[in-house]
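Working through the structure, step by step
This is what each chain is made of:
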Amino acid sequence: MKRCPECRRDYYDDTLSFCLDDGSALLEGPGSGPVSIDEPATAMLHRTDAAGEAKTSSQTHTTDRTAILPNLIVSPAAATASRKNSLIAGVVGVILVTALGLGSYWLYGRDGSKQIESIAVMPFANGSGAADLDYLSDGMTETLIRSLSQLPNLNVKSRSSVFRYKGKEADARTIGKELGVQAVLNGRVIQRGDKLSLNLELINTENENVIWADEYDRKSSDLVSLQNDIARDVSDKLRLKLTSGDEQKLAKSYTLDPEAYRLYLQGRYYWNKRSGSEFEKAENFFRQAVEKDPNFALGYVGLADTNEDEDRPLKKQYIRKALDLDGQLAEAHASLGYQYMMDYDWAASERELKRAVELNPNYAPAHAWNGVRLMMLGRYVDAMASIQRALEIDPSSNGINFYHCVLLYMSGNTDESIQQFRRYAEIEPGFVWTHTWLARIYRETGNRAASVDERSLAYETGGQPENARRLREAFAKEGWDGYLHQFVRLGGGHSGTYRASVIGDASFLAELGEKEKAMDALVAAGERGDFWLFTIKVDPFMKDLRRDPRFQTLVKKFDADQ
């Protein structure tokens, strides 16, 4: 227990060093505190004498005070002056101590009282020693990020930003500078049988002081309630001023079934790997989660977001089920907005995406998909503003950075788009679609060798080295036309994670002069709702198709005034 010497307020939080009301340095214990400046000088003298006698008695049996403090025998006039000087010195001393306390409070920390406005929840370490439990440590991290990001007055770094540090050594000060946050939260998860332990440590990135640390020991069956407790405790230690609505968001549980929640975490774990075979695993876990708890809204959103461009009517059923269960779920509204966008229903898409942003202004996909919607409609300035907002929230997202590069190309900034694509290819060499678009742009600018190389890299990165070899050989032996024919024959490949766009096939067919085949491919893409159909508006190799009424009908799908 600590007490403020000025206002006498008691504190039971041992991490506090200064009074939250007046900034005075706190003292240990309820009875501690400086002598009042109104206390008589003789009382001060007696207190000093008592201390002196206690100290001396352990060394000598002398009780003559003149022997112990001979200089205290003074004349009456000198005593009066001494009392006056003591009072003055006491006042000055108290002022000095108070000033120093306030100075320290305002200049050197206030870790215990200052509201934290930005935080990075670092990937929790898996202390169990079993790789098959990575989903648990990753999932708990992601869940906490999701919960805290819903709070309007807190800047929470995205999953993609913090997971770049997973398995790497980095101190809090470095992370603070690189991510621009005031605090980092580190965690370590250990599961042993039915026992679950979590150690948390909140650190000030400016001075690397520990703001708060705690340990949670629960049963595995208490996983859902544990997540809620963590979110509540962290927000409390950040000194956030929460409304009743904010508190409800933190306390909300989307399922009370711990097994359903575990299955959901496993689904998200594989979904975040972003590859074809992993998506199949993710979908299987999401399905098991909703079978375990049919009222698990987030589980249905997971099903909708897995391979979201396949079987869109079914994906919309999943989303509507989620919204029936929870109409305030931002992720569900955003996913529905995406599906409406792929139906080219611009009004419905705008409505759902805006609703998602209203419910969670920090949900980056909603801003990004809204930017894509505006890009499809040719509203490039508005699109850039929306995508820039998404990047502010999630600067490390592969998808959002990719959309940004595509937008540069669509708005006519070809050279800048090439620079950005190449820069991003160096940062994320495994992101297939960067190579695909570089191949497209190099083809349009006449750099055919570079175009073939990038397209081949796309196949290699996507797990299809044989197709990459065929493309290179066709170009080397038969030139550009041989390459075009070989690409069309591949039809996007038959294995791996890379599938060439149908729109790309149509563009190659148009360049080869096969207009009917090209138009048939485009019409089929329009009926299915192809993501990249809007690019036909600027594709120079489709110039011979533009007079076809079917082509004009497709272009009108992206008319902002319809």
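Keep in mind that this is a model prediction, so the values were computed, not measured.

Along its length, the chain carries 24 helices and nine strands. Counting all 562 residues of the chain, 47% fall into the buried class. Put simply, 58% of the contacts in the chain that link residues at least 6 apart link residues at least 24 apart.

What follows covers the side chain of Gln339. The residue Gln339 is located in helix H13 (residues 330-342) in this model. A polar contact is formed between the side chain of Gln339 and the backbone oxygen of Glu308, at a distance of 3.0 Å. When residues no more than four places from it in sequence are discounted, the contact partners of Gln339 are Glu308, Arg312, Lys315, Lys316 and Ile319.

Within the largest apolar cluster, 74 residues are counted, with the highest numbers of intra-cluster contacts made by Ile119, Met140, Leu148, Leu185 and Ile230. In terms of residue count, the dominant contributor to this core is helix H9 (residues 258-271) (seven residues). Apart from the residues within four sequence positions on either side, Leu185 is in contact with Ile119, Ala120, Val121, Met122, Leu144, Leu200, Glu201, Leu202, Trp212 and Val234. With 59 residues, the next largest nonpolar core counts Tyr363, Phe402, Ile441 and Leu545 among its residues.

Right, let's get into helix H4 (residues 134-149). Here H4 spans 22 Å end to end across 16 residues, near enough to the 22 Å set by a 1.5 Å rise per residue. In terms of burial, H4 is a largely internal element, 15 of the 16 residues being buried.

Working definition: an aromatic ring pair is given by the centre-to-centre distance plus the angle between the planes. Applying the stated criterion across every chain, the model contains 27 aromatic pairs. For the ring pair Tyr338 and Trp369, a centre distance of 5.0 Å and an interplane angle of 50° mean the geometry is tilted. In this pair, Tyr338 sits in helix H13 while Trp369 sits in helix H15 (residues 364-376), placing the two residues 31 residues apart along the sequence. Residue Tyr338 shares its accessibility class with Trp369, and that shared class is buried. Above the face of the Trp271 ring, Arg268 is positioned so that its terminal group lies 4.9 Å from the ring centre. Across the ring face of Phe541, the terminal group of Arg443 is positioned such that the distance to the ring centre comes to 3.8 Å.

In this section: the pattern of salt bridges. If you walk through the whole model with that rule in mind, you get 32 salt bridges. Its salt-bridge partner being Glu460, residue Arg472 comes within 2.7 Å of it at the nearest N-O pair. Of the two residues, Arg472 sits in helix H21 (residues 465-490) while Glu460 sits in helix H20 (residues 448-461), which places them 12 residues apart along the sequence. Judged by relative accessible area, Arg472 falls into the partly exposed class, the value being 30%. The class for Glu460 is partly exposed, based on a relative accessible area of 35%.

Turning to the side chain of Thr255, a few remarks are in order. As for its position among the elements, Thr255 is in the loop between helix H8 (244-251) and H9. The exposure class of Thr255 is buried, given its relative accessible area of 5%. Side-chain polar atoms of Thr255 contact the backbone nitrogen of Asp257, separated by 3.1 Å. Separated by 2.6 Å, the side chains of Thr255 and Asp293 make a polar contact. Apart from the residues lying within four places of it in its own chain, the contact partners of Thr255 are Val224, Ala260, Tyr261, Asp293 and Phe296.

Within the chain, residue pLDDT values average 83, and 79% of them lie at 70 or more. Within the chain, H15 carries the highest mean pLDDT (97), whereas helix H2 (residues 65-68) carries the lowest (32). In this model, residues 31-84 is a region of pLDDT below 50 whose contacts with residues beyond four sequence positions or in other chains number 25 contacts.

The contact between H13 and H15 brings their axes to 10 Å, and the two run at 15°. Between H13 and H15, the angle is such that the two are roughly parallel. For the element pair H13 and H15, the recorded crossing hand is left-handed. Contacts between H13 and H15 involve Ala334, Ser335, Tyr338, Met341 and Met342 from the former and Ala366, Trp369, Val372, Arg373 and Met376 from the latter.

With that settled, consider the pairing of strand E9 (residues 210-219). Along a regular strand, successive side chains alternate from one face of the sheet to the other. Looking at chain direction, strand E8 (residues 195-204) and E9 are connected through nine bridges and run antiparallel. For Leu198, the partnering residue across the bridge sits in E9 and is Tyr216. In this antiparallel pair of consecutive strands, E8 and E9, the connection spans five residues, and Glu208 shows a positive phi of 65°.

The next subject is the packing of helix H23 (residues 515-528) against helix H24 (residues 549-556). Remark: H23 packs on H24, axes separated minimally by 10 Å, with the N-to-C direction vectors making an angle of 30°. On the basis of the axis angle, H23 is roughly parallel to H24. In terms of crossing hand, the pair formed by H23 and H24 is left-handed. Contacts between H23 and H24 involve Glu516, Met519, Asp520, Leu522, Val523 and Gly526 on the former and, on the latter, Arg550, Phe551 and Leu554. Looking at side-chain class alone, the contact of H23 with H24 contains five nonpolar, one polar and three charged residues.

Of the two faces of strand E4 (residues 118-121), the one holding Ser118 and Ala120 and the one holding Ile119 and Val121 are both buried throughout. Pairing of E4 with strand E7 (residues 183-192), which is carried by three bridges, proceeds in the parallel orientation. Residue Ala120 lies in a different strand from E7, and its bridge partner there is Val184.

About the criteria used
- Residues numbered from 1 in each chain as written.
- Predicted model: local features only at pLDDT ≥ 70, side-chain atom pairs only at ≥ 80, totals over all residues.
- Heavy atoms only, no water.
- Helix = DSSP H or I, 4+ residues; strand = E, 2+ residues; numbered from the N terminus.
- Buried < 20%, exposed > 50% of the residue type's maximum accessible area, 1.4 Å probe, protein only.
- Contact = heavy atoms within 4.5 Å.
- Polar contact = N/O pair within 3.5 Å; in protein donor to acceptor, adjacent residues only side chain to side chain.
- Core = buried A, V, L, I, M, F, W, Y, C linked by side-chain atoms within 4.5 Å.
- Expected span 1.5 Å × (residues − 1).
- Phe/Tyr/Trp six-rings, centres within 6.5 Å; stacked < 30°, edge-to-face > 60°.
- Lys NZ or Arg CZ within 6 Å of the ring centre and 35° of its normal.
- Salt bridge = Lys/Arg side-chain N within 4 Å of Asp/Glu carboxyl O.
- pLDDT = per-residue confidence, 0-100.
- Axes fitted to C-alpha atoms, helices over the stretch in contact; angles between N-to-C directions.
- Parallel < 35°, antiparallel > 145°, perpendicular 65-115°, else oblique.
- Left-handed = near helix turned anticlockwise from the far one by under 90°.
- Pairing = 2+ DSSP bridges.
- Nonpolar A, V, L, I, M, F, W, Y, C, P; charged D, E, K, R; others polar.

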